[in-house]
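# Fold and contact review
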Amino acid sequence: MFSRRVPPTLTPNRLALRVAELRSRGVSILDLTSTNPTAVDIPYPPRLLDSLAGPVPQTYSPQPFGLAEARRAVAADYRRRGVDVPVERIALTASTSEAYAFLFKLLCNAGDEVLVPQPSYPILEHLTVLEAVTAVSYPLVYTGRWHIDLTALEQCLTPRTRAIVVVSPNNPTGSLLCSDEARRLVELCGARNLGLILDEVFADYVVRESRDNGASPLLSQTEALVFSLGGLSKTVGLPQLKLAWLALGGPPNLVDAALARLEVICDAYLSVGTAVQCAASRFFAEGGAVRDAIRDRVQRNLKTLRLRVAEAPACNALPVEGGWSAVVRVAATRSEETLVLELLEGQHVLVHPGFFYDFTHEAFFVMSLLLREQVFEEGCVRLFRSLRGTRSL
Ligand SMILES: Cc1ncc(COP(=O)(O)O)c(C=O)c1O
C-alpha cells in the first residue's frame, strides 16, 4: 500500500532499543549526543520568545517567499556575516530540511541524482528518498583535516546528476569548505548546469577563524547557480520557531528562472507562520547573545575533550573547524556498534557510532559539544576511562 519513499521497516536500531530498555529499568544514561540547544541549559536572553506575542496583522496576506520585513531581516543577517544578498533573492521556509525538499523539487525529476558528502548529516539520505531522488555520496577524506576528494566527486557525476550538496561547517566532521574546493565546485556546476546547494546552518560556529573559508564568496559569483541554506534553529539556537531560508546567487538569468519556479513551489505550501515572520528581526537582534553562549559552551567542552582524550592513548579527538560536534577516533578492536553498546551498558554513556553518519571506515564516535560542561566532562571521564586499556588505533 505504501510508497518506496518511506522505509519498508520501521524497527528502531539496536542502540535505540537498548537505550529504551535501560531507561525503562530506571537506569540514568549520560547522553552525549544531544544537539538540541534548548535542552542543554544554554542561557537565552530572558523573555526572548515573548517577541512572538508582538503585533501580527489580522488580515492574512500570503506571500510565497515570506513577508518583506522578515526577508529584509535575513538579508541584514547575511550582511552581518559579510555577505551581500538582495532581498528579492531570499525565500523563507519552515526549516532547512524543508528548504532541501523544495530544492530537490526545483532541480530534480524522480530518479535524478544529487551528490552528498560522506560522512555527513544522516537526514540528507531521508530527504532525498522522500523526494524520489537518489543521494550519491562523494567522500570527504581525513589527512590531518577533512577535505573533499574532488577526483572521487567528479567520478560520481552522471548524466542524471542535478545538484551537489556541500555542508560547511559539515556535521559531524566540523570541516569547512576551502577556497580551492569552492572554486572547483563552481566550475563543475557552471559547466554542467548543476545546482550547488550550500548548507550553512553552522556558519556562525566557526571554531578556527584563521582557516580559509571558501563558502562566503559563493553567493556573489556569477558562474554557477548557488543556493545557501540557513535557519534560526542554529543561528539563534531556536529550532522550535520553524524559520529558515534559502538565498540564491549565480548567473542573473538562471537566478531569475530559478526564483520564478521556486515561487510556484513555495506558493503551494506557504508553510511559514506569520507570527514568527513578524518577530524575525527581533530574534536576529538578540541572536548574538545566544551565539556567544553556544560558542563559549563549545570551546569549553572542546578544551575538556582535548584534556580527557589524552588519558586514553589509543583515542584521538579530530580537529574541529566548526559546528557543534566532535569526532573521536578509537581503536577498531570490535565493531563500532559493539563498542558503543559496551559503553552504554558498562558506563551508561551514550555516543553515536560513526556509521550513523556513514564514515567510510571504523571506528569513530560522534559526540555533541553543546552539553552542559559538567555532563560533558563526566561523560568524557567515563568514556576515556573505559577506553584507557585499548592499545593502538
Ligand atoms: C547540517 C544540517 N543541516 C540542516 C539541519 C536541519 O536544520 P533545521 O532545523 O533548520 O531543519 C541540521 C540539523 O541538525 C544539520 O545538522
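Definitions and limits used
- Residues numbered from 1 in each chain as written.
- Predicted model: local features only at pLDDT ≥ 70, side-chain atom pairs only at ≥ 80, totals over all residues.
- Heavy atoms only, no water.
- Phe/Tyr/Trp six-rings, centres within 6.5 Å; stacked < 30°, edge-to-face > 60°.
- Buried < 20%, exposed > 50% of the residue type's maximum accessible area, 1.4 Å probe, protein only.
- Helix = DSSP H or I, 4+ residues; strand = E, 2+ residues; numbered from the N terminus.
- Contact = heavy atoms within 4.5 Å.
- Pairing = 2+ DSSP bridges.
- Axes fitted to C-alpha atoms, helices over the stretch in contact; angles between N-to-C directions.
- 1 Å grid on protein atoms, 1.4 Å probe; cavity = no way out; pocket = protein on both sides within 12 Å on 5 of 7 lines; lining within 4 Å.
- Points joined across faces, edges and corners; volume = space filled by probe spheres on them.
- Nonpolar A, V, L, I, M, F, W, Y, C, P; charged D, E, K, R; others polar.

## Brief notes about the packing of aromatic side chains
For the structure on display, the rule yields nine aromatic pairs. Measuring from ring centre to ring centre gives 5.3 Å for Tyr-142 and Trp-146, while their planes differ by 55°; the resulting arrangement is tilted. Here Tyr-142 falls in the partly exposed class, since its relative accessible area comes to 27%. Residue classification places Trp-146 among the buried positions, given a relative accessible area of 7%. Taking the centre distance of 5.2 Å and the plane angle of 70° together, the rings of Phe-202 and Trp-324 count as edge-to-face.

## Here's the deal with the environment of Gly-237
Mapped onto the secondary structure, Gly-237 falls in the loop between helix H7 (232-235) and strand E9 (244-249). Accessibility expressed as a relative area gives 0% for Gly-237, which makes it buried. Sequence separation between Gly-237 and Pro-353 is 116 residues, and the spatial gap between their C-alpha atoms is 25 Å. Ignoring any residue separated from it by four or fewer positions in sequence, one finds Gly-237 in contact with Pro-37, Thr-38, Tyr-44, Leu-232, Val-290 and Ile-294.

## Things to note about the sheet that holds strand E2 (residues 90-93)
Pairing within the open sheet is mixed, and its eight strands lie in the order E2-E9-E8-E7-E6-E3-E4-E5. Here the strands that pair on one side only, and so sit at the sheet edges, are E2 and strand E5 (146-148). Within the sheet, the average angular offset between the axes of one strand and its neighbour, ignoring direction, is 25°. Bridge analysis of strand E3 (residues 113-118) against strand E4 (residues 134-142) gives six bridges, and the strand direction is parallel. Among the inter-strand pairings, Leu-115 is bridged to a residue of E4, identified as Val-136. Together, E2, strand E8 (226-231) and E9 form the strand contacts of helix H2 (residues 68-80), whose direction differs from that of E2 by roughly 110°.

## Brief notes about the layout of surface pockets
There is about 1200 Å³ of room inside the largest pocket. As for the largest pocket, its lining consists of 50 residues, and the residues nearest its centre are Tyr-121, Pro-122, Ile-123, Leu-124 and His-126. Ranked by the residues each element gives to the lining of the largest pocket, the list is headed by helix H4 (residues 123-130), at four residues. For the lining of the largest pocket, the residue count by class is 26 nonpolar, 19 polar and five charged.

## Re the sheet that holds strand E10 (residues 316-317)
Read across the sheet, four strands follow the order E10-E11-E14-E13 without closing on themselves; strand pairing throughout is antiparallel. Both edges of this open sheet fall to E10 and strand E13 (352-353), since each of them pairs with a single strand only. Two strands pair when backbone bridges link them, and E13 and strand E14 (residues 364-368) are joined in this way by two bridges, in the antiparallel orientation. Each bridged residue has a counterpart across the sheet, and for His-352 the counterpart in E14 is Val-366. Strands in contact with helix H11 (residues 373-387) are strand E11 (325-329) and E14; relative to E14, the strand with the most contacts, it is inclined by about 165°.

## Overview of empty space enclosed by the protein
Considering all chains together, one arrives at three cavities of 30 Å³ or more under this definition. Leu-140, Ile-148, Val-167, Ser-175 and Leu-176 are, among the 14 residues lining the largest cavity, the residues nearest its centre. Residue assignment for the lining of the largest cavity shows that the elements contributing at least two residues are E4, E5 and strand E6 (161-167). Per element, the largest residue contribution to the lining of the largest cavity is three residues, and it comes from E5. Residue classes in the lining of the largest cavity are distributed as nine nonpolar, three polar and two charged. Here the second largest cavity defines a volume of roughly 70 Å³. Asp-77, Tyr-78, Arg-81, Glu-200, Val-201, Ala-203, Asp-204, Leu-229, Gly-230, Thr-235 and Trp-245 are the residues that line the second largest cavity. Broken down by secondary-structure element, the contributors of at least two residues to the lining of the second largest cavity are H2 and E8. Across the lining of the second largest cavity, the residue classes break down as five nonpolar, two polar and four charged.

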